[in-house]
Amino acid sequence: MSSSLPRPDFHFPGNIGRTFEDSDAAKFPKVVRPPQGAPNVLLILLDDVGFGQFSTFGGGVPSPNVDKLAAHGLRYTRFHTTALCSPTRAALLTGRDHHVAGTGVITELATGYDGYTGIIPKSAGTLSEILRQNGYATAWIGKNHNTPAWETSEVGPFDHWPSGLGFDYFYGFNSGDTSQFEPILFENHSRVPRSTDPRYHISHDLADHAIAWMQKEKEIDPSRPFFLYVAPSATHSPHMAPREWIDKFKGQFDMGWDKYREATLERQKKLGVVPQDTKLTARDKSLPAWDSLNADQKRLYARMMEIFAGFGAQTDYEMGRVLDAVAALPDAGNTLIIYILGDNGASAEGGLDGATNELAAFNGVFEPIESELKVIDELGGPKYYNHFPAGWAWAMDTPFQWTKQIASHFGGTRNPMVISWPARIKQNGGVRTQFHHITDIMPTILEVAGIHAPDTLNGMAQKPIEGVSMAYTFNDAKAPDRRKSEIFELVSNRGMYQNGWMASSLAYLPWAATRTGYDPDKAKWELYNINKDFSQADDLAAKDPEKLKELVDLWWAEAARHDVLPLDWRSVERLSEQITGRPSLAAERKTFVYNTPLVALPEGSAPDLKNKSFTITVEADIPSDGGDGMLFTQGGITAGWGFYLLKGKLVGLHNYIGLERYRAASSESVPAGKVTLTFDFKYEGGGMGKGGTITLTVNGKKVGEVRVEKTAGFKYSLYEGQDIGEDSGSPVAFDYTPPFKFNGKIEKVTVDLK
Amino acid sequence: MKTRACVRSLGVTLVGTLILAGASAQETLPKPEQAFSDAKIGRTYKDSKPGTMVLTKAPAGAPNVLVILIDDAGFGQWGTFGGQVPTPNLDRLAKMGLRYTRFHTTALCSPSRAALLTGRNHHSAGTGVIVEMGDGYPGYSGQVPKSAGMFAEVLRQNGYSTAFIGKNHNIADWETSIAGPYDRWPSLQGFDYFYGFIGGEMDQWQPALYRGTTPVAMQIPKGQEGNYTLNDSLADETISYIHQEKSVTPDRPFFIYYAPGATHAPHHVPKEWIVKFKGQFDQGWDKYREETYQRQLKLGVVPPETKLTPRPKEIPAWDSLSPDEKRVASRLMEVFAAYTAQTDYEVGRVLDALEEIGQLHNTLTFWEIGDNGASMEGTLSGAFNELATLQGIPENSAFLLQHLDELGSAKASNHIPVGWAWAANTPFQWGKQVASHFGGTRNPLVIAWPDRIKGAGGIRTQFHHVIDISPTILEAAHLPQPTEINGVKQKPIEGVSMVYSFDDPKAAGTRHIQYFEMLGNRALYKDGWIATARHGRLPWVTMGGGSDFDKDKWELYDLANDFSEANDVAAKYPQKLKELQNDFWVEAKKYNVLPLDDRFAERGDPSLRPSLIAGRTDFTYYPGTRIPEPSAANTKNTSHTITATIEVPQGGGDGVLVAEGGAAGGYTLYIKDGKPVYEYNYMAHKRYKLAGVEPVSPGPAVIRVDFKYDGGVGKGGSATLFVNDKKVAEARIDKTVPSRFGPESFDVGMDNASPVSKDYEPPFAYLGTIKKVDIHIAPSNLSASDRKKVLDGARNAAMGLE
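Thresholds, definitions, all that
Residues numbered from 1 in each chain as written. Chains lettered and ligands numbered in written order. Predicted model: local features only at pLDDT ≥ 70, side-chain atom pairs only at ≥ 80, totals over all residues. Heavy atoms only, no water. Pairing = 2+ DSSP bridges. Helix = DSSP H or I, 4+ residues; strand = E, 2+ residues; numbered from the N terminus. Axes fitted to C-alpha atoms, helices over the stretch in contact; angles between N-to-C directions. Buried < 20%, exposed > 50% of the residue type's maximum accessible area, 1.4 Å probe, protein only. Contact = heavy atoms within 4.5 Å. pLDDT = per-residue confidence, 0-100. Core = buried A, V, L, I, M, F, W, Y, C linked by side-chain atoms within 4.5 Å. Buried area = accessible area lost by both parts, 1.4 Å probe. Salt bridge = Lys/Arg side-chain N within 4 Å of Asp/Glu carboxyl O. Polar contact = N/O pair within 3.5 Å; in protein donor to acceptor, adjacent residues only side chain to side chain. Nonpolar A, V, L, I, M, F, W, Y, C, P; charged D, E, K, R; others polar. Parallel < 35°, antiparallel > 145°, perpendicular 65-115°, else oblique.

Section: the sheet that holds strand E9 (residues 254-259) of chain B
Residues and elements named next belong to chain B. Spatially, ten strands are ordered E8-E7-E6-E5-E9-E2-E10-E11-E3-E12 in an open sheet, and the strand pairing comes out mixed. The open sheet terminates on both sides in strands that have one partner only, identified here as strand E8 (214-216) and strand E12 (458-460). Sheet twist, expressed as the mean angle between neighbouring strand axes with direction ignored, is 15°. Relative to strand E6 (residues 193-198), strand E5 (residues 161-168) runs parallel, the two sharing six bridges. Note on E6: the bridge partner recorded for phenylalanine 164 is phenylalanine 194.

Right, dumping it as structure tokens:
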């Protein structure tokens, strides 16, 4: 039967005469409600989490709240993601392969091929839109990494914001990560003012908003079920957590990553989340053995892991508050909770040494360990955008090989999941081992809600949903798998699963800086019998070349069918709008005029100040008691520019990826009244990330100058952008405290690119 | 003969529609997905070529569009159209554009707004009456159907950025809470951005607002406290939206629908504006009409042969008022004039901002003065608290005199008397609600677009209607009306474009027929003639209604020679009248006007409509809650218990635990100086307070109010305040509000918008922890006649809030 949404307009079924007296009684259309018994749905998706990270699945980070949920529900041990965040999230929301959902890779790397536009097509309608039009209240709290980068500014368009994807309510951030202490948040389409709470942490805030929304829905309309999607920024970098959480883990990771893996596998076996014969996969030779590290390295890496563990434990606590709030609802028993620990495996993006500033790597810079050690006591706090080293990421993915991005192996794709639904799931504390995938969540929820996916949604014919419902497993641990096969691909890392077999082909090392030299036709394929080899420890490629060939051929067929082609393993080139032809709101403009204080304009929608000369001209009215506050800034602690008045003096500054701050300042105070202030940067040229000179003027008179040795040439921040009149995210320098609102009046800001 | 006339009129409308649809190929929205036809896909990126990703762009030359809609304003109110209130900013826009002198609305606000936004007649857009009075007939559901898509959605999907700033009275009561559904909120009707209020009216000093779908408080800039009203805030928001759009996307046109709450009641305005008008209305309304009429003749906004229509006998002559009554009425009008002048000033700031950034010339601006005529809902004597008078709670002139200095301030919810509304509608008969006559429906309109409209300062006299705005905008933007939007087939647009009139004052009008209907008042315009029938109740009479439609008296006017409907020629042209009467039924059938229905109480019955509270007696609320009054536990006319379970911090902590309503009426349970207080604000006329003597000890506490009701409607009862089950105060409350406290909300943990009590400054957020607030309501056992009284009151309050 063909079906479509929205429903047709209501038509009064009775007779209408000239007046009410000769008409049938009026009757309103019934308020749309899902079928009787449709449950509330709480879907929690953590960010960058490995299989062996949290205690519920044997990890070293205690997660008492997931333990409790698992004790009242089911643990799924063969559940898979796409190995990267935007793709996993697009697949989750649409029930289609991430490429089919236009999101073969993160939105920042989009290209003009169907599988890689970074735009979820309207023909891949979302779970939330279908639920919403069937009477569910819908909310999305937390990370949104599914809006094309050029549409994330406050001017929209909003088709691909949560509101355009079927969510009544959104509270969260539009980027791959965010400072946990100083996030740029939106509520629906509007920026949320910075918190004034000195103890602010985003995980706490997100939990508060999830709880408040749920409670409000239920107090106003208790009979209406909700779909609440909670996607915290944790435990993605930057690893920032309240100090008291970090301190709980002091000394607990001194054993190092090799020992951690062994201990974790033992715990996993004991818990029954891996088969008893599971082998621990070997450490790749490119990763150092813990015992080979010197004392400084050990001290730094162990500390970074303590911070990560503190962050993880705090995340469990905050999500636990959401679970407690659900438990207090009048219809708690009829709430389906799906808690997915990670949109991909743990992240090795910190490199072999870890990083105090994740953005350094994005600018092609790797910090020496000595400079990291200098700030070791401040890591985990608001000043540093730190990330732990690859060795720990690998350990978090115990017992598997590899990490995030590596879609060929389970270290990238196999994530723990817990499902609970007191009204329907009978077995408490059970384990489920059927092979499933992130695309299976949507059909599962639709099935239990009794809702059919429409063939046409909002005027657009729908591509078929590719996921397979998992509801059949709820009350049958031994039910045979209903998912027979699945293709994996992420930045050319490839995998093909079919009926218990898996072919895997790695494209590059996740901790390698370069990807050149890759050839998909020469890349090595491995073969695993997953039914007997849970962790992909025994490569059978040589033993069974026939089987391998069958799977590799199938991979190409599935790849063609799912818009996976063309394979593209480029990295930095794909960040470039010039190379990819990706749209930008700032492209081809040389002059930008701002007539109003404007904040949180994403970096991609703001004038591109990188690798060129530019002038910022501010026409302002300075108060009689002296000007103070931010005039113009791009970026923050990770890198960027600042142009501000500090106690009357004019300051211009470049933050070179947190390693160096080049600062010019006037010696005299800027006079009161109307003034014209300029910040001129002369770029030396000679390639990317080179130096130049900052010159400051007041009413045409030079008041300060500084030579800038090096500039950040690729990216200032993943989450904060340009601000005028205040600094909305993290500070670009530490001589002021955000929001650092300008106390005078800005008439106009002009940015001229040379 | 009759049939042929119908066919002809139908034909005319159809031709208009066909021309529009034919302007370009049929289009459905959303547009098909971008096909990467230029992409070449191989196995890897090396043997592939990416497709071009293009951003949706508006057609070349598509202008910015600014639609300004003033609320409750008459033809003879603003200086630009001869009124006594100077409106230099409207003058300025008129000088660079055109004044339309025969432009019409529906005589009520939700209907005019639905018609404006959809380009369909109000009944066709499901909004034959205000949303609070909706019933299940297609023309009256209060829910704009998806088949009548808003032009905002068409613009949005064609590369415009779109914002809705101000009043939104197009969401049905049971859908205004944050529990949604949001299908009929601006975000799903084509607007990227919404900042404003939901409902018919709003306190201008302390409004309850939304940004998108989020409840927010109005931010008052430092230094402007006591001087900053919603009018300022809406202008500031509009300006900052324009600045933001034009700095980030300078090439993208915007559409802004800017609908101030002014000049609807409450007439709130800073004192500095009021003093400017001191003594200026002492001449009274009869004189005012004569003076205005003379000015209109001089300005040329009415033809030279126009007659001033006489005062209906139901409105008292100014000279018949006592000196006290005159004093009160003059002051009310001074405040109203100040409010009007301030509104003009604030809109002017938006025009200034456009001019400063060089965008005004490329902006198609519609400034519509009124969604209906001036409002006669303030009763014959005017009101200090319009909600009181609407619910039958009287205010005599002695009472009004006592409060003269508070008019316009946050303490009042004042409204002008009928006589002044009638004067503001000069030269016409009647006013708001009365769709049969131009006092209700003829509103000034100015259109400017310097880049395109030459003949600046001109006057246009073609007969047009609010449904004509939408097709005008689409034509100006070179956009076809889609046949399908988001999967829903579209009803044809019923309006006709006015673009043809931009360059030619003499162009023959393209609108040949238009029906009018509101609450049984009806009219039919056709080719220069109009037949009118005013039905039943006077617009300021708050109870009653219900009479035979066939006994209504019909009048006939020859508009070509009678601009103001002064000479009834029904007796002279009975055939013409008959023809128009028949046409009325044809049009009524076609646009879902039927069945005609003048019932009030019955239609006010919430059980006819979906409700979020029907049948519930127990409610649990958590802190941070803000719910519109109609969707929150209804404690009126019944015994009830309010129980707050809290945690008092060490050292105590003050703030509101739960509050409903605001300065105009409501209740609040709060802690001040550590002591619990329950206060009942009876329509700002009287306040009852129960306060504990001892501070509540730190730690867990349960604060409870028991209200034992006497029975009946709006009667009294006894209230008892308990702390941890121990009685701490007790009092009689003589009278209670029967139907509606006002436009504000039910709040937990604070008192949003204006304060119920004068003893604190809002929001007065509670500093301790509120676990929950439980409300239990005794099932209502009102008699049938009492029930009708409540419903009448609710309907009238809603009408006022309209």
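So much for the structure itself; the text now carries on.
Comments concerning the environment of Phe336(B)
Residues and elements named next belong to chain B. For phenylalanine 336, the position within the fold is in helix H8 (residues 323-356). You can call phenylalanine 336 buried: its relative accessible area is 2%. Counting along the chain gives 31 residues from phenylalanine 336 to glutamate 305, while the straight-line C-alpha distance between them is 30 Å. Leaving out residues up to four positions away in the same chain, phenylalanine 336 has contacts with Asp72, Gln77, Thr263, His267 and Ile416.

What to know about the side chain of Thr638(B)
All names here are of chain B. With respect to the helices and strands, threonine 638 occurs in the loop between strand E21 (626-628) and strand E22 (640-648). Judged by relative accessible area, which is 6%, threonine 638 ranks as buried. Discounting residues that sit within four places of it in the chain, threonine 638 has contacts with Phe707, Tyr709, Ile777, Ala778 and Pro779.

Overview of the confidence of the model for chain B
Considering every residue of chain B, the mean pLDDT works out to 91; 94% of them sit at 70 or more. Under a pLDDT of 50 for its full length, residues 1-24 of chain B has, in the predicted model, 21 contacts with residues more than four places off or in other chains.

Observations regarding the nonpolar core
Leu42(A), Met214(A), Leu228(A), Met305(A), Tyr339(A), Trp392(A) and Trp555(A) are the most contacted members of the largest nonpolar core, which has 123 residues in total. It is helix H7 (residues 295-327) of chain A that provides the largest number of residues to this core, a total of 15 residues. If sequence neighbours within four positions are ignored, Tyr339(A) has contacts with Ile44(A), Leu46(A), Val66(A), Leu69(A), Met319(A), Leu323(A), Pro416(A), Met417(A) and Val418(A). Listed in part, the 100 residues of the second largest apolar core include Phe103(B), Ile485(B), Ala632(B) and Leu690(B).

Structural notes on the interface of chain B and chain A
Across the contact, 77 residues belong to chain B and 73 residues belong to chain A. On the chain B side of the interface with chain A, the three residues burying the most area are Arg43(B), Tyr45(B) and Met53(B), jointly 12% of the side's total. At the junction of chain B with chain A, the criterion picks out four salt bridges. As a salt-bridge pair, Asp159(A) and Arg156(B) come within 3.0 Å of each other at their nearest N and O atoms. For the interface between chain B and chain A, the tally reads 28 residue pairs in polar contact (both at pLDDT 80 or more). Sorting the residues of the side of chain B that touches chain A by element identifies helix H5 (230-248) and strand E20 (618-621) of chain B as the ones contributing at least two each. Looking at the side of chain B that touches chain A element by element, the count peaks at six residues for H5(B). In the side of chain B that touches chain A, the residues fall into 33 nonpolar, 23 polar and 21 charged.

Quick look at the packing of helix H2 (residues 88-96) of chain B against H8(B)
Geometry of a packed helix pair, given as the angle between the helix axes and the separation of the axes. Residue and element names in this part refer to chain B. Two elements in contact, H2 and H8, have axes separated by 8 Å at closest approach and are oriented at 45°. Comparing the axis directions of H2 and H8 gives the class oblique. Here Pro88, Asn89, Leu90, Arg92 and Leu93 of H2 come into contact with H8, specifically with Asp344, Tyr345, Gly348, Leu351, Asp352 and Glu355. Here the residues of the contact of H2 with H8 are counted per class, giving five nonpolar, two polar and four charged.

Focus: the pattern of salt bridges
The tally for this structure, following the rule as stated, stands at 85 salt bridges over all chains. Close ionic contact of Lys526(B) with Glu579(B) constitutes a salt bridge, the shortest N to O distance being 2.7 Å. Here Glu579(B) lies in helix H14 (residues 574-590) and Lys526(B) lies in strand E17 (residues 521-526), a separation of 53 residues in the sequence. By the burial criterion, Lys526(B) is buried, and Glu579(B) matches it. Here the residues in one salt-bridge network are Asp47(A), Arg89(A), Lys143(A) and Asp343(A), joined through shared partners.

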